[in-house]
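What follows is the residue order along each chain.
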Amino acid sequence: MKYEPGLPEPLAARLRAARRWFVLTGAGISAESGVPTFRGAGGLWEGFRPEELASADGFRRDPARVWRWYRWRRGIVARAEPNAGHRALVSLERQVEHFSLATQNVDGLHERAGNCNVLALHGSIMRARCFAGCLAAAQDEEAQPVPRCICGSPLRPDVVWFGETLPGELLEQATVEAGHCEVCLVVGTSAFVHPAAGLPIAARLAGAILVEVNLEETPLSPVCDAVLHGPAAIVLPDLLRCLGLLREPLPGSGV
Ligand code: OAD
Ligand code: ZN
């Protein structure tokens, strides 16, 4: 399938001229790598109450269950490879003067694809930390149903759960980047979860061009300058090709 970005030429010209890009991604960009999204058919929340699995209370109630769920997801992520959408964003980072990428994903696929300036707002599913908050380095925790920190407390996945605040410094950096960009590109997020969903709004209010890539409409769509419907692994390379910002072959594509 060949995707035609369908950008009006004046908008495409403004995108070609832009020097500062801020990208916000969500689970949709990893969908074609085989990592399930959270919402929608087949999403991770289907059949689960998020607060049972992804909250401090849920962890206190049944830490072994929470660890089983995260280990299952880790397995999927470990077997997944970055897709053409991730690789297009590597190409973008290498072509434009200033690039910053904030992601709500915990899968590490942007870093593995080769992006450098990545703000992983929701943490990393591959790391663990002390549930009591001590700063001891987490040891290898795969052996026990509920791994323990050296201080005796349980270890938890190093991700942001419902009811928790994002790491202040990362959110601050992302807010600054959103406020200073010329283009804000939003890819594969349902834009329901704040504060991440507020970043494109902040960019828009500061005068940035807002471009959304998603399979469907989101609450952000009405305020976007362009909404590109389709799978990110197809739309992103085509968009960048149309802007002359794609280095061929895509980095890491092995051809
Ligand atoms: P969601 O699962 O809420 O939304 C995924 C979005 O990606 C939807 O809007 C889909 O339409 C879109 N999508 C699916 N496949 C796509 C594809 N191939 N190409 C482009 N778009 C596609 O995921 P997020 O918005 O990332 O937080 O969810 C935000 C946060 O909610 C997550 O980080 C997680 C969850 O609770 C925490 O765990 C703290
Ligand atoms: Zn500890």
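Not measured: the values here are computed from a predicted model.

As for the sheet that holds strand E7 (residues 209-214)
Read from one edge of the open sheet, six strands run E3-E2-E1-E6-E7-E8, paired in parallel fashion. At either margin of the open sheet sits one strand with a lone partner, and together these are strand E3 (118-120) and strand E8 (226-229). Looking at each pair of strands side by side, their axes are set apart by 15 degrees on average, direction ignored. Alignment of strand E2 (residues 98-103) against E3, held across three bridges, turns out to be parallel. Bridge pairing in E3 links Leu101 to Val118. Sheet strands touched by helix H7 (residues 168-180): strand E1 (20-25), E2 and E3. Its angle to E1, the strand with the most contacts, is close to 130 degrees.

What about the nonpolar core?
In this structure, Leu7, Trp21, Leu92, Leu185 and Leu236 are the most contacted members of the largest nonpolar core, which totals 31 residues. Elements that contribute at least two residues to this core include exactly helix H1 (9-17), E1, helix H5 (84-95), E2, strand E6 (183-187), E7, E8 and helix H9 (232-243). In terms of residue count, H9 provides more of this core than any other element does, six residues in total. Apart from the residues lying within four places of it in its own chain, the contact partners of Leu185 are Trp21, Phe22, Val23, Leu24, Leu89, Leu92, Val211, Val213, Leu236 and Leu239.

Describing the coordination of the zinc ion (ligand 2)
Around a metal, the ideal angle is 109.5 degrees if four donors adopt a tetrahedral arrangement and 90 or 180 degrees if six donors adopt an octahedral arrangement. Note on the zinc ion (ligand 2): its protein donors are Cys130 (SG), Cys134 (SG), Cys149 (SG) and Cys151 (SG). The metal-donor distances range over 2.2 to 2.3 Å. Coordination of the zinc ion (ligand 2) draws on donor residues from a single chain, spaced C-x3-C-x14-C-x1-C in sequence. When its relative accessible area of 45% is taken as the criterion, Cys151 is described as partly exposed.

Here's the deal with the domain arrangement of the protein
How large an interface is tends to be reported as the accessible area lost when its parts come together. Domain annotation for the protein reports domain 1 (7-35 + 82-122 + 166-250) and domain 2 (36-79 + 127-159). Computed over C-alpha atoms only, the centres of domain 1 and domain 2 are separated by 27 Å. On the side of domain 2, ten residues touch domain 1, which itself brings twelve residues to the contact. Together, the buried faces of domain 1 and domain 2 total about 810 Å²; carbon and sulfur atoms form 65% of this surface. Considering only the surface of domain 1 that becomes buried against domain 2, Ala27, Val35 and Val106 emerge as the three largest contributors, covering 45% of it. Counting across the domain 1 and domain 2 interface gives zero salt bridges. Remark: the boundary between domain 1 and domain 2 carries one residue pair in polar contact (both at pLDDT 80 or more). Among the residues forming the side of domain 1 that touches domain 2, the class breakdown is six nonpolar, four polar and two charged.

Digging into the pairing of E6
Of all five residues in E6, five are buried, a share of seventy percent or more. Side chains of E6 alternate between two faces, with Val183, Leu185 and Val187 and Cys184 and Val186 buried alike. As defined by bridge partners, E1 adjoins E6 across five bridges and the pair is classed as parallel. Residue pairing for E6: Val23 is matched across the bridge by Leu185.

Thoughts on H9
In an α-helix, one turn spans 3.6 residues, which is why side chains three or four residues apart end up on the same side. For H9, which comprises twelve residues, the first-to-last C-alpha distance of 16 Å matches the rise-based estimate of 16 Å (1.5 Å per residue) to within 8%. Summarising burial for H9: nine of the twelve residues are buried, a large majority. Of the residues making up H9, those classed as buried are Ala232, Ala233, Val235, Leu236, Pro237, Asp238, Leu239, Leu240 and Leu243. Positive phi shows up at Gly244, right after H9, with a value of about 70 degrees.

Let's talk about the site of ligand 1
Taken together, the neighbourhood of ligand 1 is formed by 23 residues, with Glu32, Arg39, Thr189, Ser190 and Asn214 sitting nearest. One of the backbone nitrogen or oxygen atoms of Gly188 is found 3.1 Å away from an oxygen atom of ligand 1. Surface burial for ligand 1 is 92%, taken as the share of its 790 Å² of free accessible area covered by protein chains. Split by residue class, the shell around ligand 1 holds ten nonpolar, ten polar and three charged. Composition of the shell around ligand 1 by domain shows at least three residues from each of domain 1 (7-35 + 82-122 + 166-250) and domain 2 (36-79 + 127-159).

Structural notes on the packing of aromatic side chains
The description of an aromatic ring pair rests on the distance of the ring centres and on the angle between the ring planes. Summed over the entire model, instances satisfying the criterion amount to four aromatic pairs. Their ring planes at 80 degrees and their centres at 5.1 Å tell us that Trp69 and Tyr70 sit as a pair that is edge-to-face. The same class applies to Trp69 and to Tyr70, which are both buried. Both rings, one in Tyr70 and one in Trp161, keep their centres 6.3 Å apart while their planes meet at 50 degrees; by these two values the pair is tilted. Of this pair, Tyr70 sits in helix H4 (residues 63-79) while Trp161 sits in the loop between strand E5 (155-159) and H7, and the two are 91 residues apart along the sequence. Exposure class is identical for Tyr70 and Trp161. Each is buried. Connected via pairs of aromatic rings, a cluster forms that spans Phe59, Trp69, Tyr70, Phe131 and Trp161. Positioned over the ring face of Trp69 is Arg73, at 4.5 Å from the centre of the ring.

Cut-off values and rules
- As a convention, each chain's residues are numbered from 1 in the sequence order in which they are written.
- Labels follow written order: the first chain is A, the first ligand is 1, and so on.
- Totals for whole chains, interfaces and linings use every residue, but because this is a predicted model, local features are given only for residues with pLDDT of at least 70 and side-chain atom pairs only at 80 or more, for both listing and counting.
- Only hydrogens and water are removed before side-chain values are computed, so all heavy atoms of the structure are retained for them.
- Paired strands, in this sense, are two strands between which DSSP finds at least two bridges.
- Strands are runs of DSSP state E lasting at least 2 residues, helices are runs of H or I lasting at least 4, and numbering of each runs from the N terminus.
- Lines fitted to C-alpha atoms define the axes here, with helix axes fitted over just the stretch in contact, and angles between the N-to-C directions of these axes take values from 0 to 180 degrees.
- We call two residues in contact when some of their heavy atoms are within 4.5 Å.
- Working definition of a nonpolar core: buried Ala, Val, Leu, Ile, Met, Phe, Trp, Tyr and Cys residues. They are joined through side-chain atoms within 4.5 Å.
- Exposure is judged per residue with a 1.4 Å probe applied to protein chains only, and the accessible area is read against the type maximum: over 50% gives exposed, under 20% gives buried, and values in between give partly exposed.
- Coordinating N, O and S atoms are those within 2.8 Å of the metal (3.2 Å for Na, K and Ca), and as water is not part of the atoms, a site may appear to have fewer donors than expected.
- Those domain boundaries reflect an automatic or database domain assignment.
- Each of two parts loses accessible area, computed with a 1.4 Å probe, when they are put together; buried area is these two losses added.
- Salt bridges are defined as contacts in which a side-chain nitrogen from Lys or Arg sits within 4 Å of a carboxyl oxygen from Asp or Glu.
- Counting of polar contacts relies on pairs of N or O atoms within 3.5 Å, with two restrictions inside protein: one atom must be capable of donating a hydrogen and the other of accepting it, and residues adjacent in sequence are counted only when both atoms are side-chain atoms.
- Polar here means any residue outside two lists: the nonpolar Ala, Val, Leu, Ile, Met, Phe, Trp, Tyr, Cys and Pro, and the charged Asp, Glu, Lys and Arg; Gly therefore counts as polar.
- How far a helix is expected to stretch is found by multiplying one less than its residue total by 1.5 Å.
- In this text, near means that some heavy atom of the residue lies within 4 Å of the molecule or strand in question.
- The method behind every accessible area is Shrake-Rupley, applied with a 1.4 Å probe, and residues are considered shielded solely by the protein chains displayed.
- The aromatic pairing rule takes the rings of Phe, Tyr and Trp, using the six-membered ring of Trp, and pairs them if the centres are within 6.5 Å, calling planes under 30 degrees apart stacked, those over 60 edge-to-face and the rest tilted.
- Counted as over-ring charges are cases with an Arg CZ or a Lys NZ within 6 Å of the ring centre that also lie within 35 degrees of the ring normal.

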